[in-house]
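# Observations on the three-dimensional arrangement
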Amino acid sequence: MSQRTTEAAARKFRRERFVGRYLANPAVGLLDRIGIRSSMLAELETIGAKSGQPRRVPVTVSIDDEGAWLISQHGHRAGWARNIAANPQVRLRQGKRWYTGTAAFVPDDDVVARARSFARGRTSESATAWTIKALESDPISVRITFTA
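So, here's what we can say about the structure. (Residues numbered from 1 in each chain as written. Predicted model: local features only at pLDDT ≥ 70, side-chain atom pairs only at ≥ 80, totals over all residues. Heavy atoms only, no water.)

## Notes on helix α2 (residues 79–86)
Note the threshold: Only protein chains enter the accessibility calculation, which uses a 1.4 Å probe. A residue is then buried if its area is under 20% of the maximum for its type, exposed if over 50%, and partly exposed in between. For the purposes of this entry, the term helix denotes a DSSP run of H or I that reaches at least four residues, the term strand denotes a run of E that reaches at least two, and both are numbered from the N terminus. In this description, the arc belongs to the directions extending from the helix axis to the C-beta atoms. When checking whether two residues touch, look at their non-hydrogen atoms; a contact exists if any pair is within 4.5 Å.
Buried within α2 we find Trp80, Ala81, Asn83 and Ile84. Each buried residue of α2 lies within a common arc of 160 degrees when the element is viewed along its axis, so the set occupies one face. Turned more than 90 degrees away from the buried face of α2 sit Ala85 and Ala86, all of them exposed. Of the surrounding elements, those touching the buried residues of α2 are β1 (41–47), β2 (54–63), β3 (67–72), β4 (89–94), β5 (97–106) and β6 (140–146).

## Description of the environment of Ile47
With respect to the helices and strands, the residue Ile47 is situated in strand β1. Assessed through its relative accessible area of 28%, Ile47 is described here as partly exposed. Here the alpha-carbon distance between Ile47 and Pro88, two residues 41 residues apart in the chain, equals 8.7 Å. Excluding anything up to four places from it in sequence, Ile47 contacts Gly52, Gln53, Pro54, Asn83 and Asn87.

## Side note on the pairing of β4
The criterion, for reference: By definition, two strands form a pair when at least two bridges between them are found by DSSP.
Bridging between β1 and β4 involves 3 bridges; their strand directions are antiparallel. The residue bridging Glu45 from the neighbouring strand is Arg91, located in β4. The turn joining β4 and β5, which pair antiparallel and follow one another in sequence, is formed by 2 residues; a positive phi near 65 degrees is taken by Gly95.

## Section: the pairing of β5
For β4 and β5, the ladder comprises 6 bridges, and the chain directions are antiparallel. Counterpart to Gln94 in the pairing with β5 is Arg97.

## Focus on the nonpolar core
Convention followed: For the purposes of this section, nonpolar cores are sets of buried Ala, Val, Leu, Ile, Met, Phe, Trp, Tyr and Cys residues that join through side-chain atoms within 4.5 Å.
With 18 residues, the main nonpolar core has Leu44, Val59, Leu70, Trp80, Ile84, Leu92 and Ile144 as its most contacted residues. Broken down by secondary-structure element, the contributors of at least two residues to this core are β1, β2, β3, α2, β4, β5 and β6. Dropping the residues within four chain positions of it, Ile144 is found in contact with Leu44, Glu66, Gly67, Ala68, Leu70, Val90, Leu92, Gly101, Thr102 and Ala103. In terms of nonpolar packing, the next biggest core, distinct from the first, is built from 5 residues, Trp69, Val111, Ala115 and Phe118 among them.

## What about the pattern of salt bridges?
Side chains carrying opposite charge are able to pair once their charged atoms draw close together. Operational definition: Think of a salt bridge as a Lys or Arg side-chain nitrogen and an Asp or Glu carboxyl oxygen that are within 4 Å of each other.
Using the criterion set out here, one finds 5 salt bridges in the structure. Note that Asp64 and Arg143 form a salt bridge whose closest N and O atoms lie 2.9 Å from each other. With Asp64 in the loop between β2 and β3 and Arg143 in strand β6, this residue pair connects regions lying 79 residues apart in the sequence. Overall, Arg143 belongs to the buried group, its relative accessible area being 14%. For the salt bridge of Asp109 with Arg114, the shortest nitrogen-to-oxygen distance reads 2.9 Å. Considered together, Asp109 and Arg114 belong to a single accessibility category, that of buried residues. One continuous salt-bridge network, built from bridges that share partners, spans Glu45, Arg56 and Arg91.

## Overview of the sheet that holds β6
Basically, it comes down to this: In this analysis, axes come from line fits to C-alpha atoms, helices being fitted only over the stretch in contact, and the angle between any two N-to-C directions falls in the range 0 to 180 degrees.
Pairing is antiparallel around the closed barrel formed by 6 strands, whose spatial order is β1-β2-β3-β6-β5-β4. Going across the sheet, the axis of each strand differs from the next one's by a mean of 45 degrees, ignoring polarity. On the sheet, α2 packs against β1, β2, β3, β4, β5 and β6 and is oriented at approximately 50 degrees with respect to β1. Contacts between helix α3 (residues 111–118) and the sheet are confined to β2, β3 and β6, with β3 contributing the most and set at about 125 degrees to the helix.

As structure tokens, then:
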């Protein structure tokens, strides 16, 4: 990857981290608190790599019988991804239900195909894939295997 491409990806990451941290994530949290939820959204709880304190962030998720799939749009740069690298034990809340599990990065997974699998229906499938493509800087799939 060229220096220019690396710098552009880093700028994009900083911009999107700002939007997520100060606009999007608080808005999603507010909607969740007042009872407006989506089946594709969940709250991921990790343990801070440096602080050791619980950290929660809204994520797009696809839950099945054995676990859940997530996509870290910024790969290992995302704060929650760094936390998983330090401690893969996580909790995931969808609606009022909490799941406990172990998270693992799946670098060989097709991120665009995985994003499409989150959607229900042709229109939302295209919109989901487009959104992932627009926001990504170094995406990687994450699999959470439920333990309880």
